[in-house]
Amino acid sequence: MKTKMSPIKYILLAALCFLWAFPLLWAVVTAFRPSNLATGFSLTPSFTLDNIREVFGAAPFVKYGLNTVIIVFGILGVQLITVTLGAYALARVDFAGKGLAMALIMMQIIIPADILILPNYQTLKAVNLIDSRLGVMVPYFASSMGLLLLRQAFKSVPSAIVDAARMDGATVLQTLRYIFIPCSKAAYISFAICSISTHWNNFLWPMIVINSPEKRPLTMGLVLFAKANDSGPMWALVTSATLLVMFPLFVMFCIFQKQFVSSFVTSGIK
């Protein structure tokens, strides 16, 4: 039997929700207000699309967006292959050194990625991948978080189904395609959201690798756009550009929110 929440709890939850959503609401309001009213608190009902038009005219955000899509989904495509095969091996295959492999994966999660910037840069320089979109992608082709998430999902698949498929002559790849992957859709969706949001917002590594303006992702374009005005930041324009950069991620999370939360709850990751 469900217990009813008291009005005070509803008020507290509403206040917390408003506090969490206030920066987003402020960004939306500022993006569609005239520039002279962007930093004020007047309640004048003004609305304009000039900021969006000026942003598209001042910087090639469409090109930046295309570069970001290539980088983000290129990384995700390779990650889905590597984490699927790796998670299957960790969950269903007994091999020598399995415990050591798990320990190394856990160490990769503990070690901050920024520590590896110098060796990664030296490696890319040795193979002539500096100033390329591929150079931004290569260090992220494997994901320890994805391995652990899918490993847990694969371990939850009933062994009887897997044994029945093997008795019918299914190969390992067929078992992955028709049993493990369909049974782990929620885990794949949540990992995809995490991967896309992480690399969509990544700024430091692309800034180090990319030199050509035509290869910049959205994050680099946004920072350079914000610093372009010598008289100081134009808050209405900067907020409009920020809203354009974050809008695809917001829509994606709203669509897949249920699967995202469900996967982490069932996998036991808090």
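Looking up the protein in an unreviewed UniProt entry gives the name sn-glycerol 3-phosphate transport system permease protein, with the organism given as Enterocloster lavalensis. Looking at the Subcellular location (unreviewed entry) heading of the UniProt record, one finds this comment for the protein: "Cell membrane".

Undergrad: Quick question: what am I supposed to make of the packing of helix H8 (residues 159-167) against helix H9 (residues 172-183) here?
TA: Helix-helix packing: each pair is described by the crossing angle between the helix axes and the interaxial distance. Running from N to C, H8 and H9 cross one another at 150°; their axes reach a closest spacing of 11 Å. In terms of orientation, H8 and H9 fall into the roughly antiparallel class. Remark: the crossing between H8 and H9 carries right-handed chirality. Residues Ile161, Val162 and Ala165 of H8 form the contact with H9, whose own contacting residues are Thr175, Ile179 and Phe180. Of the residues that constitute the contact of H8 with H9, the class distribution is 5 nonpolar, 1 polar and no charged.

Undergrad: Can you help me understand a nonpolar patch on the surface in this one?
TA: Side chains of Leu100, Leu104, Met106, Met107, Ile109, Ile110, Ile111, Ile115 and Leu116 sit close together on the surface and give an oily, nonpolar patch of about 880 Å² of accessible area. Structurally, Ile110 can be placed in helix H4 (residues 98-110).

Undergrad: For this particular structure, what's the right way to read the nonpolar core?
TA: Side chains of nonpolar character tend, in soluble globular proteins, to be buried together. Phe61, Phe154, Phe180, Ile196, Trp200 and Phe225 are the most contacted members of the largest nonpolar core, which has 40 residues in total. For this core, the secondary structure elements donating two or more residues are helix H3 (61-92), H4, helix H7 (144-155), H8, H9, helix H10 (185-200), helix H12 (218-226) and helix H13 (235-267). The biggest single contributor to this core is H3, with 9 residues. Excluding residues within four positions of it along the chain, Phe154 makes contact with Thr84, Ala87, Tyr88, Ala91, Arg92, Leu176, Phe180, Ser184 and Tyr188.

Undergrad: What's the story with the layout of surface pockets in this structure? I'm lost.
TA: Which parts of space are left empty comes out when a probe the size of a water molecule is rolled across the atoms. What the largest pocket holds in volume is close to 720 Å³. Considering the residues around the largest pocket, the lining is formed by 24 residues, among which Gln108, Ala113, Tyr140, Ala142 and His199 are closest to the centre. Looking at the lining of the largest pocket, the elements with two or more residues in it are H4, helix H5 (117-126), H7, H10 and helix H11 (204-209). When residues in the lining of the largest pocket are grouped by element, the largest group, 5 residues, is from H10. When the residues that make up the lining of the largest pocket are grouped by side-chain class, the tally is 14 nonpolar, 9 polar and 1 charged.

What counts as what
- Residues numbered from 1 in each chain as written.
- Predicted model: local features only at pLDDT ≥ 70, side-chain atom pairs only at ≥ 80, totals over all residues.
- Heavy atoms only, no water.
- UniProt positions renumbered as here; feature names shortened; annotations may be inferred.
- Axes fitted to C-alpha atoms, helices over the stretch in contact; angles between N-to-C directions.
- Helix = DSSP H or I, 4+ residues; strand = E, 2+ residues; numbered from the N terminus.
- Parallel < 35°, antiparallel > 145°, perpendicular 65-115°, else oblique.
- Left-handed = near helix turned anticlockwise from the far one by under 90°.
- Contact = heavy atoms within 4.5 Å.
- Nonpolar A, V, L, I, M, F, W, Y, C, P; charged D, E, K, R; others polar.
- Patch = residues over 30% accessible without salt bridge, like charges linked within 9 Å, V, L, I, M, F, W, Y side chains within 5 Å.
- Areas by Shrake-Rupley, 256 points an atom, 1.4 Å probe, with all protein chains shown as cover.
- Salt bridge = Lys/Arg side-chain N within 4 Å of Asp/Glu carboxyl O.
- Core = buried A, V, L, I, M, F, W, Y, C linked by side-chain atoms within 4.5 Å.
- Buried < 20%, exposed > 50% of the residue type's maximum accessible area, 1.4 Å probe, protein only.
- 1 Å grid on protein atoms, 1.4 Å probe; cavity = no way out; pocket = protein on both sides within 12 Å on 5 of 7 lines; lining within 4 Å.
- Points joined across faces, edges and corners; volume = space filled by probe spheres on them.

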